[in-house]
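Report on the structure
Each chain, letter by letter, is given below.
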Amino acid sequence: MNEAILSRPGCRECVEGKALEFDFTMAFQPIVDLHQGRVFAHEALVRGLNQEPAGQILARVNDRNRYRFDQTCRVKAISLAAQLGLEGMLSINFLPHAIYRPETCIRTTLDAAQRYGFPQERIIFEVTEGEQVQDHAHLIGIFDEYKRLGFRTAIDDFGAGYSGLNLLAEFQPDIVKLDMVLVRNINADKARRAIVRGIVDVCQELEITLVAEGIETLEEKQVLLDLGIALQQGFLYARPAFEAAAELSAAAFE
């Protein structure tokens, strides 16, 4: 690795193996396949060691430790998922600003998957649309490298920001996760139903799997199911389980 690369904080931290100055763990929330009545994936969500919410942990992330935090998230998610024997896919949020060279920064993830015996083809890397990504080319380069290595890719919180359709025009991930802002009370909102119906058509045309998140009521569930979205996530099915696999509610099987 040359000096130009080592001059970047993240790459030097990778080589020097610096530890993160604070600790945290993960909770897991399932994404349910309503057609199959089973878990499609578990999303790994950051939590404090005493179950503090993600916001308290993320508030400690800064330019100096962003790379280490991103790498630590991946290892913790993979190791815990393997330890718990979680079924289905494992969805891990990542910070594109923490990645300097995707082919280099992915090594820790590959090592963790091998060390803990977790198949890398069962890993989804998702980035939130709300993440302030100015350099779409950089993000697309990350996604392309991840897909080349057999990982799946996802855009989270789709519809919450302003760049979703522009990003989708440039790159088509494996999965799009519909933000709860479009899901909330969709059963009573004609505009939301029309918008989601359009997104369903776009994703079908582009062969992208669509997931709806933030479902809290049976009415929301049914409307989304009628619109063709069978992969759903939300409190209706299970709240995030701290260092555990969540138990699904009856709504996942009705």
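A quick note: this is a predicted structure, and the numbers were derived from the prediction, not measured. (Residues numbered from 1 in each chain as written. Predicted model: local features only at pLDDT ≥ 70, side-chain atom pairs only at ≥ 80, totals over all residues. Heavy atoms only, no water.)

Because side chains alternate across strand 6 (residues 175-178), one face comprises the buried residues Ile175 and Lys177, and the other comprises Val176 and Leu178, equally buried. Sheet analysis places strand 6 next to strand 7 (residues 209-213), joined by four bridges and oriented parallel. Bridging across to strand 7, Ile175 finds its partner in Thr209. (Buried < 20%, exposed > 50% of the residue type's maximum accessible area, 1.4 Å probe, protein only. Helix = DSSP H or I, 4+ residues; strand = E, 2+ residues; numbered from the N terminus. Pairing = 2+ DSSP bridges.)

In terms of residue burial, strand 4 (residues 123-128) counts as a mostly covered element, since five of its six residues are buried. Bridge analysis of strand 4 against strand 5 (residues 152-158) gives five bridges, and the strand direction is parallel. When the bridges of strand 5 are listed, Ile124 appears paired with Arg152.

This model, assessed by the stated rule, comprises 13 salt bridges. Asp63 is paired through a salt bridge with Arg66; the nearest N and O atoms lie 2.7 Å apart. For Glu145, the salt bridge is made with Arg148, and the minimal N-O distance between the two is 2.7 Å. Taken together, the residues Glu145 and Arg148, both in helix 7 (residues 136-148) and three residues apart, mark about one turn of the helix. Overall, Glu145 belongs to the buried group, its relative accessible area being 13%. (Salt bridge = Lys/Arg side-chain N within 4 Å of Asp/Glu carboxyl O.)

A few words now on helix 4 (residues 66-84). One turn of the α-helix equals 3.6 residues, which is why residues spaced by three or four share an orientation. Compared with the 27 Å implied by 1.5 Å per residue over 19 residues, the 27 Å span of helix 4 between its first and last C-alpha is a close match. Where helix 4 is concerned, the buried positions are Tyr67, Arg68, Phe69, Asp70, Gln71, Cys73, Arg74, Ala77, Ile78, Ser79, Leu80 and Ala81. Just beyond helix 4, the residue with positive phi is Gly85, at close to 65 degrees. (Expected span 1.5 Å × (residues − 1).)

In this structure the tally under the stated criterion is ten aromatic pairs. The interplanar angle of 35 degrees and the centroid separation of 6.2 Å between the aromatic rings of Phe22 and Phe69 together place this pair among those described as tilted. Taken together, the positions of Phe22 in the loop between helix 2 (9-16) and strand 1 (25-33) and Phe69 in helix 4 put the pair 47 residues apart, joining distant regions of the chain. The pair formed by Phe22 and Phe69 is uniform in burial state, with each residue classed as buried. Ring centres of Phe94 and Phe143 lie 5.9 Å apart, and the angle between their planes is 80 degrees; this geometry places the pair in the edge-to-face category. In this pair, Phe94 sits in the loop between strand 3 (89-93) and helix 5 (102-105) while Phe143 sits in helix 7, placing the two residues 49 residues apart along the sequence. Neither Phe94 nor Phe143 differs from the other in exposure class; each is buried. (Phe/Tyr/Trp six-rings, centres within 6.5 Å; stacked < 30°, edge-to-face > 60°.)

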